[in-house]
Amino acid sequence: MSVPAVEIYSPEPNMLERRFAAYLAQRGADSGTEGHPPRERVQAIRQVTAWTIGLSALAGIVSGGLIGGAEIWMRQGIFDGMEDVGWREALPYWGAFYAFAGVVSAVEIALLYALALIGIARVTQHSGLPLSSCEGHRLFAHGLARTALEFPSPQVQIFGVDPYAHVSRWKLTALSIAYKLKVGVSSFILRVFLRRVAARMAIRGMVPLFAGPLYAVWNAYIIWRIMTEARVRTLGPFAVDNLIAAHFQDAGDLGGSERDVLVHAAGEMLTRGRDAHPNQIYLMSRLREALKHGEDITLDWAAIRRHLSTLSAAGQSRVLNLMTVSCVIGSRIHRDQTALLRSACQDCGTVLHEDRVRDLSKALKRGHKVTDSDLFATRSDVNSRSA
């Protein structure tokens, strides 16, 4: 795997990101595998994911059991069921209980981060994604570190393209805050819900018994989300490599119009995705390297698009495959990306099968190798469809 130098990703990493990235780079593959990881390694990645999710659920059961058990013990053993106990008499109870619950929750959250980091490190080992090289450390390791920490992608321009050009500033701020609330504060909110809302219901006395299972489900969901994104960021680069190997080995011989369409199509897909995803950055880097396109991109898809219909059949397939890969290697497929790909297919006289694009994205997350036949299967010729 050839990793181009990308110095624009995560330009100002904080201490946690640096340490997480250094840990991943230390335990990552030295050189990487040739091509997509084989089936046995994909199976190992699935097993690591399952074990990580299972351990996070176990941590939730233990945490919920400790907190629920402490509540039952204090309520029944110390306050005799807290019958007719005023708020002044109950104040020591609440203070001691929430202090204990806070310590247990803090340990649990730290454990979740540790599980996520170790799980991601093992996933990258099995995949063969290179993290120890300087360039790989900068892009892949930092991207995976941000996944483990549930940090959003950095708000930076990618070779002159602003991934957030279609996102208002207040939404960016709101998204940044939301990411910071995901693990720690969301777990705290769950606990407050159990204590202040559910406790007012008829199941008041049973709330401590529900704590363990609910915490387990919540933890499993958090780690499942983290590990799913980690698999996207680990396996997506191999889909990019397959695309480059199949269509861009002799890209230096392409005509100027096709080169412009390719670069602007990739840039427009990046902005439509509304995310500076490391896989998208890797795709842009490999494409620029193949096309020997060194300057920044002044994006103008509306003007460049008219050249798409004039390209040869091979050129159109190259552009559509590029755009399809760009769709499926992100965290999710944004509807604007689908709309852009659909309109490009129409310009080329083909029909996009959106359900197949979504299925391909899911298959990538499961470890499926994205091949040329998979990309061609996402669309069909207008005439053959009519027939």
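Rules and cut-offs
Position numbers for residues start from 1 in each chain and track the written sequence from start to end. Given that the model is predicted, a residue must reach a pLDDT of at least 70 before its local features are reported, and side-chain atom pairs must reach 80 or more before they are shown or counted; all residues, however, enter totals for whole chains, interfaces and linings. Calculated side-chain values reflect all of the structure's heavy atoms, with hydrogen atoms and water omitted. On a range of 0 to 100, pLDDT expresses the predictor's confidence in each residue. Helix numbers and strand numbers start at the N terminus; a helix is a DSSP run of H or I with at least 4 residues, a strand a run of E with at least 2. Throughout, a residue-residue contact means that at least one pair of heavy atoms, one from each residue, lies within 4.5 Å. Criterion for a disulfide: a pair of cysteine sulfur atoms at a distance within 2.5 Å. Residues enter a patch when their relative accessible area is above 30% and they make no salt bridge; the linking distance is 9 Å between like charges and 5 Å between nonpolar side chains (Val, Leu, Ile, Met, Phe, Trp, Tyr). Methods summary: accessible areas were calculated by the Shrake-Rupley approach with a probe of 1.4 Å, and residue burial reflects only the protein chains presented. Note on definitions: salt bridges are taken to be side-chain nitrogens of Lys or Arg within 4 Å of carboxyl oxygens of Asp or Glu. Only four residue types enter the tally: Lys and Arg on the positive side, Asp and Glu on the negative side, with His and both chain ends excluded. Every charge is mapped to an atom, namely NZ of Lys, CZ of Arg, CG of Asp or CD of Glu. For helices, the fitted line uses only the C-alpha atoms of the stretch in contact; every axis is such a line through C-alpha atoms, and the angle between N-to-C directions lies from 0 to 180 degrees. For classification purposes, an angle smaller than 35 degrees is called roughly parallel, one larger than 145 roughly antiparallel, one from 65 to 115 roughly perpendicular, and anything else oblique. Two helices crossing with the near one rotated counterclockwise from the far one by less than a right angle form a left-handed crossing, whereas a clockwise rotation gives a right-handed crossing. For this classification, Asp, Glu, Lys and Arg are treated as charged, while Ala, Val, Leu, Ile, Met, Phe, Trp, Tyr, Cys and Pro are nonpolar and the rest, including Gly, are polar. For every residue, the accessible area obtained with a 1.4 Å probe (protein chains only) is divided by the maximum for its type, and the residue is called buried under 20%, exposed over 50%, and partly exposed between those limits. Among buried residues, those of type Ala, Val, Leu, Ile, Met, Phe, Trp, Tyr and Cys that are joined through side-chain atoms within 4.5 Å constitute a nonpolar core.

1. Remarks on the confidence of the model for the protein chain
Then, number 1: On average, the protein chain scores 83 in pLDDT, and the residues at 70 or more come to 79%.
Then, number 2: The secondary structure element of the protein chain with the lowest average pLDDT is helix α6 (residues 184-197), at 54, and the one with the highest is helix α12 (residues 335-347), at 96.
Then, number 3: For the stretch residues 199-204, pLDDT sits under 50, and the model shows 7 contacts to residues farther than four places along the chain or on other chains.

2. Here's the deal with the state of the cysteines
Then, number 1: In this structure the tally under the stated criterion is 0 disulfides.
Then, number 2: In this model Cys 345 remains outside any disulfide bridge; the closest cysteine sulfur is found in Cys 348, 6.8 Å from its own.

3. Describing a positive patch on the surface
Then, number 1: Taken together, Arg 46, Arg 358, Lys 362 and Arg 366 make up a surface patch of like positive charges.
Then, number 2: If one sorts the elements of the positive patch by residue count, helix α13 (residues 354-366) sits on top with 3 residues.
Then, number 3: By the element assignment, Arg 358 lies in helix α13.

4. With respect to the packing of helix α8 (residues 256-273) against helix α11 (residues 313-328)
Then, number 1: Running from N to C, α8 and α11 cross one another at 15 degrees; their axes reach a closest spacing of 10 Å. By the angle between their axes, α8 is roughly parallel relative to α11. Where α8 crosses over α11, the two elements pack in a sense that is right-handed. Residues Glu 258, Val 261, Leu 262, Ala 265, Ala 266 and Met 269 of α8 touch α11, and the partners they reach there are Gly 315, Arg 318, Val 319, Leu 322, Met 323, Ser 326 and Cys 327.
Then, number 2: Across the contact of α8 with α11, the residue classes tally to 9 nonpolar, 2 polar and 2 charged.

5. With respect to a nonpolar patch on the surface
Then, number 1: A cluster of nonpolar side chains, contributed by Trp 51, Leu 55, Leu 58, Ile 61, Val 62, Leu 66 and Phe 100, occupies part of the molecular surface with about 680 Å² of accessible area.
Then, number 2: No other element matches the 6 residues that helix α2 (residues 39-78) contributes to the nonpolar patch.
Then, number 3: In this structure, Val 62 sits in helix α2.

6. Here's the deal with unusual backbone geometry
Then, number 1: Although it is not a glycine, Glu 150 adopts a positive phi angle of roughly 60 degrees.
Then, number 2: Looking at the secondary structure, you find Glu 150 in the loop between α4 (134-149) and α5 (169-181).
Then, number 3: On the basis of relative accessibility, which here comes to 6%, the residue Glu 150 falls in the buried class.
Then, number 4: A positive phi angle, close to 55 degrees, is found at Arg 274, a residue other than glycine.

7. With respect to the environment of Trp 218
Then, number 1: As for its placement among the helices and strands, Trp 218 is situated in helix α7 (residues 207-247).
Then, number 2: The class for Trp 218 is partly exposed, based on a relative accessible area of 29%.
Then, number 3: Sequence-wise, Trp 218 and Ser 56 are 162 residues apart; in three dimensions their C-alpha atoms are separated by 9.1 Å.

8. Observations concerning the side chain of Asn 219
Then, number 1: For Asn 219, the position within the fold is in helix α7.
Then, number 2: The residues touching Asn 219, leaving out its near neighbours within four places in the chain, are Ser 56, Ala 57, Ala 59, Gly 60, Glu 108 and Leu 112.

9. Side note on the pattern of salt bridges
Then, number 1: Taken as a whole and judged by the stated rule, the model has 10 salt bridges.
Then, number 2: Notably, a salt bridge pairs Arg 318 with Glu 258, separated by 2.6 Å at the nearest N-O pair. Separated by 60 residues along the polypeptide, Arg 318 in helix α11 and Glu 258 in helix α8 bring together distant segments of the chain. For the residue pair Arg 318 and Glu 258, the accessibility class agrees, reading buried in each case.
Then, number 3: Asp 347 serves as the salt-bridge partner of Arg 305, at 2.6 Å between the closest nitrogen and oxygen. Placement of the pair is Arg 305 in the loop between α10 (301-304) and α11 and Asp 347 in helix α12, with a sequence separation of 42 residues.

10. Some points on the nonpolar core
Then, number 1: Membership of the largest hydrophobic core comes to 83 residues, with the highest contact counts inside it found for Leu 24, Ile 120, Phe 248, Val 319, Met 323, Ile 329 and Leu 341.
Then, number 2: Top element by residues in this core is α7. It accounts for 13 residues.
Then, number 3: Counting 7 residues, the second largest nonpolar core, distinct from the first, contains Met 74, Tyr 93, Phe 97 and Tyr 215.

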